[in-house]
Amino acid sequence: MLHLDRLLIRQDDFQLFADWTVDEGERIAVIGPSGGGKSTLLMTLAGFIAPTQGRVLWRGEDLAPLGPGRRPMSILFQDQNLFPHLTLRQNLGLGLSPRLRLARNDEAKIATALDRVGLAGLAEARPGRLSGGQQGRAALARVLLQARPILLLDEPFAALGPALKAEMLALVASIATECRATVLLVTHDPGDAKAFAARTVLVADGEALAPRPTADLFADPPAALRAYLGG
Amino acid sequence: MAGRALALTVAAALGLLTLGPLVMVLARAGGAAGLGPADWAAVRFTLLQAALSAGVSVALAIPVARALARRRFVGRGALIALLGAPFLLPVIVAVLGLLAVFGRAGLVNRGIEALGLPPVPIYGLHGVVLAHVFFNMPLAVRLILQGWFAIPAERFRLAATLGFGPSEVARHLERPMLREVVPGALAVVFVICLSSFAVALTLGGGPRATTVELAIYQALRFQFDLGRAAMLAAVQVGLCAAAVLAAGAFALPSGFGAGLDRAPVPLAPRGWRRLADGLAIAAAAAFLILPLGMVAARGLPGLFNLPAEVWPALGRSFAVALPSAVLSVGGAMTLALASPRFGLVATLPLAVSSLVLGTGLFLVAHPFVNPERLALAVTMLVNATLSLPFAYRILAPEARALQADFGRLAETLDLRGLARLRWLILPRLRRPLGFSLGVSAALAMGDLGVIALFADEGGATLPLLVQRLMGAYRMEQAAGAALVLVLASFSLFWLFDRGGRHASS
């Protein structure tokens, strides 16, 4: 269980409060107006921002002492998820060993992961040669190798077209199921939330509200969500 | 974080290396008598030559920059690249070249004598200013050229649609830009010339043409008057610090910026202005190329008659240049990667000069060891310190971009320490690292400053040997050794820079 225990993040005149839990293996969407703090919430969970008050607990353990690289999480950002000067094999290898000391069966794992996301045979390519969709797949392949119990996604496919984005979300869903990973997906697109997540967190007016079933939330949106959706 | 601890260590070492000698100098100067008339003359001369050098360099640079900005011709790119060369050129080599052109037996005076007129001597104030203009006019051109290219092309398009002639363009576009850029360029050249040593040593001298920096050297080397040297060093620090603070309001040198070629050709007036632009470009090119050509022409025969000391001196120069470059760039990279807050520490060395640091380190060392035994180590350390601000300025923007683009990804992958250095930093910063290593190595290779203070007869680096050969009027050997020096300096720069550009794929 991921527990946000009376979490308060304060930066200058911005603040965000969250106090709720997510079950293991759940898929959660995080939605709300831009500037509301969706990314800030994710960066706090990932360990890039220290909360002003409160704790983030995973399976009952406080994550505060752990740096971003030591938390049980893998993260995909909006962009720059791959190092452009390294090959896909090296980029994926970093998910297995930060020092890039790869054993023979690591190489096999990398090949399998690339195959799984439809990039077989591209191990020696650099990201610059790939399309935007292929780069997203390569980053997901690394997530697969990292096999960490929580996956945080900060609008990683926002730059892709609708069809491609839907395809990538489907891939995320199947990989998450495979790894039994708990997923938090930040998005500004209600369609993503409906397609991907059983429950959705609304971030607005200084608070990340406890997750509600996505269908209910959109059927009877609170005022802040109505304002965001328009109409 | 390990990177942060390392950066704090570098910052502390840098602070110790710059402020430590300062404290020594100030403590020692406190007990000394006040400035004598000769010292005041040195202060006045230092300010006068720096002001003249700045004024003349920038005044000449403006027409050259304008011509380069609005004309396109074969060799333009090469000429702009050549403008970067004097920065890396060993001072002593340039002085030899200038002597060959403007000296008593030089090209210019032979022409004047052929007309039956008396020769114009090069030694003294005008020789010092001439050499400073040789070094800094190209720098000023590059700084001002950046200003020209910073005028958006749309402005020139608008000017064209409004039917502006050259004088309207000058009034509405060029002069406002110059008002912003010129004070910065003046300040930069003034600061650089304040701590002139090698030029004053070779072309100045005597009671009427001695800079403070040269006076420090004479006080230590010839009079062994530590109190007076310390006093003068304190004065020099005051001058430099005041000038750097005053110049802080403007741009400091980034004169080797790339990307000077993107903007489209702005309005290029025809008629006499075209001729004037051509003359400005030709004169600037000749002013830069002739002295260098003369070094080559005079040095080639000297190459077959090199004194035996050249090779050990060259070895000592490499022994200074390579560790100095590695220390300087390593320190600059550590600071640049850690936080922009270290920027202030990284510019600290700009306020001290080679001879000031040398005097301070001399004061530290001489009670315990013979300073001559430390000559190379001190020269290496002083050069590493003094070139760190330049290396920092090259690396900082790229390091910041690296952290912004990939810092978080590296964190989430737990990529740290040596693994981060190997898999992220070295590959991504390869180009600026190669370039800054090249710049630092070439600067240290050609340095003629603190080494003159410490070295004994047998321990000279190559620039000092060239200066000694000149002093002994062995001009052909001096020219030959100078050619070796310039080839070694530029090869070092070229090798490092090329190593950075050609990433292994």
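Remember, predicted model here, so these are calculated numbers, not experimental data.

(A) Highlighting a nonpolar patch on the surface. On the surface, B:Leu107, B:Val108 and B:Leu290 cluster together into a nonpolar patch covering about 210 Å² of accessible area. With respect to the helices and strands, B:Leu290 occurs in helix α13 (residues 272–303).

(B) Quick peek at the domain arrangement of chain A. Residues and elements named next belong to chain A. When cut into domains, chain A gives domain 1 (2–72 + 148–229) and domain 2 (84–147). Here domain 1 and domain 2 have C-alpha centroids that lie 26 Å from each other. Contacts between domain 1 and domain 2 engage 14 residues on the former and eleven residues on the latter. Of all residues in domain 1, the largest losses of buried area upon contact with domain 2 belong to Arg148, Leu171 and Ile175, amounting jointly to 43% of the total for that side. The interface formed by domain 1 and domain 2 holds two salt bridges in total. Here arginine 116 and glutamate 178 are joined by a salt bridge, their closest N and O atoms 2.9 Å apart. Between domain 1 and domain 2 we count four residue pairs in polar contact (both at pLDDT 80 or more) in total.

(C) How the structure looks around the pairing of strand β2 (residues 14–22) of chain A. All names here are of chain A. The side-chain alternation of β2 yields one buried face, formed by Phe14, Leu16, Ala18, Trp20 and Val22, and one unburied face, formed by Gln15, Phe17, Asp19 and Thr21. Here strand β1 (residues 2–11) pairs with β2 via eight bridges, running antiparallel. In the strand pairing of β2, leucine 2 is matched with valine 22. Counted between consecutive antiparallel strands, the loop separating β1 from β2 contains two residues, among which aspartate 12 sits at a positive phi close to 50 degrees.

(D) Spatial organisation of the interface of chain B and chain A. With 17 residues of chain B in contact, the opposing surface of chain A contributes 24 residues. Looking at the side of chain B facing chain A, the largest losses of area belong to B:Thr412, B:Leu413 and B:Trp423, adding up to 34% of the total buried there. Scanning the region where chain B abuts chain A turns up one salt bridge. A salt bridge links B:Asp414 to A:Arg70; the nearest nitrogen and oxygen atoms lie 2.6 Å apart. On inspection of chain B and its partner chain A, the count reaches five residue pairs in polar contact (both at pLDDT 80 or more). Listed by contribution, the elements that provide at least two residues to the side of chain B that touches chain A are α17 (375–412) and α18 (417–428) of chain B. In terms of residue count, α17(B) provides more of the side of chain B that touches chain A than any other element does, seven residues in total.

(E) Highlighting the packing of aromatic side chains. In the structure shown here, the tally under the stated rule is eleven aromatic pairs over all chains. When the centroid spacing of 5.5 Å and the interplanar angle of 50 degrees are considered together, the rings of A:Phe83 and B:Phe406 count as tilted. With A:Phe83 in the loop between β6 (73–76) and α2 (88–96) and B:Phe406 in helix α17, the pair connects residues from two separate chains. Across the pair, exposure class does not vary: A:Phe83 and B:Phe406 are buried alike. Between the aromatic rings of B:Tyr217 and B:Phe222, the centroid separation amounts to 5.7 Å while the plane-to-plane angle is 75 degrees, which identifies the pairing as edge-to-face. Over the ring of A:Phe196 we find A:Arg27; its NZ or CZ atom is 5.0 Å from the centre of that ring. Here B:Arg408 stacks its cationic end above the ring of A:Phe48, 5.3 Å away from the centre of that ring.

(F) Inspection of the domain arrangement of chain B at higher detail. All names here are of chain B. Looking at chain B, the domain boundaries give domain 1 (1–28 + 305–500) and domain 2 (32–295). The straight-line distance from the C-alpha centre of domain 1 to that of domain 2 is 24 Å. Listed by partner, the interface residues are 44 residues for domain 1 and 39 residues for domain 2. Both faces considered, domain 1 and domain 2 share a buried interface measuring about 3,400 Å² in area, 79% of it formed by carbon and sulfur atoms. At the junction of domain 1 with domain 2, the criterion picks out zero salt bridges. The tally of links from domain 1 across to domain 2 stands at five residue pairs in polar contact (both at pLDDT 80 or more).

(G) Structural view of empty space enclosed by the protein. Considering all chains together, one arrives at three cavities of 30 Å³ or more under this definition. Taken as a whole, the largest cavity holds about 1,100 Å³ of empty space. Every residue lining the largest cavity is counted, 47 residues in all, and those nearest its centre are B:Val91, B:Ile192, B:Ser195, B:Phe390 and B:Leu443. Here the lining of the largest cavity is built from residues that sort into 32 nonpolar, twelve polar and three charged. Two domains each put at least three residues into the lining of the largest cavity: domain 1 (1–28 + 305–500) and domain 2 (32–295) of chain B. Each pocket or cavity is described by its volume, and for the second largest cavity that value is around 80 Å³. What lines the second largest cavity is simply A:Glu155, A:Pro156, A:Phe157, A:Ala158, A:Lys165, A:Leu169, A:Leu185, A:Val186, A:Thr187, A:His188 and A:Asp192. At the level of secondary structure, the elements contributing two or more residues to the lining of the second largest cavity comprise α5 (162–179) and β8 (182–186) of chain A. For the lining of the second largest cavity, the residue count by class is six nonpolar, two polar and three charged.

What counts, and at which threshold
Residues numbered from 1 in each chain as written. Chains lettered and ligands numbered in written order. Predicted model: local features only at pLDDT ≥ 70, side-chain atom pairs only at ≥ 80, totals over all residues. Heavy atoms only, no water. Patch = residues over 30% accessible without salt bridge, like charges linked within 9 Å, V, L, I, M, F, W, Y side chains within 5 Å. Areas by Shrake-Rupley, 256 points an atom, 1.4 Å probe, with all protein chains shown as cover. Salt bridge = Lys/Arg side-chain N within 4 Å of Asp/Glu carboxyl O. Helix = DSSP H or I, 4+ residues; strand = E, 2+ residues; numbered from the N terminus. Domains from an automatic or database assignment. Contact = heavy atoms within 4.5 Å. Buried area = accessible area lost by both parts, 1.4 Å probe. Polar contact = N/O pair within 3.5 Å; in protein donor to acceptor, adjacent residues only side chain to side chain. Buried < 20%, exposed > 50% of the residue type's maximum accessible area, 1.4 Å probe, protein only. Pairing = 2+ DSSP bridges. Phe/Tyr/Trp six-rings, centres within 6.5 Å; stacked < 30°, edge-to-face > 60°. Lys NZ or Arg CZ within 6 Å of the ring centre and 35° of its normal. 1 Å grid on protein atoms, 1.4 Å probe; cavity = no way out; pocket = protein on both sides within 12 Å on 5 of 7 lines; lining within 4 Å. Points joined across faces, edges and corners; volume = space filled by probe spheres on them. Nonpolar A, V, L, I, M, F, W, Y, C, P; charged D, E, K, R; others polar.

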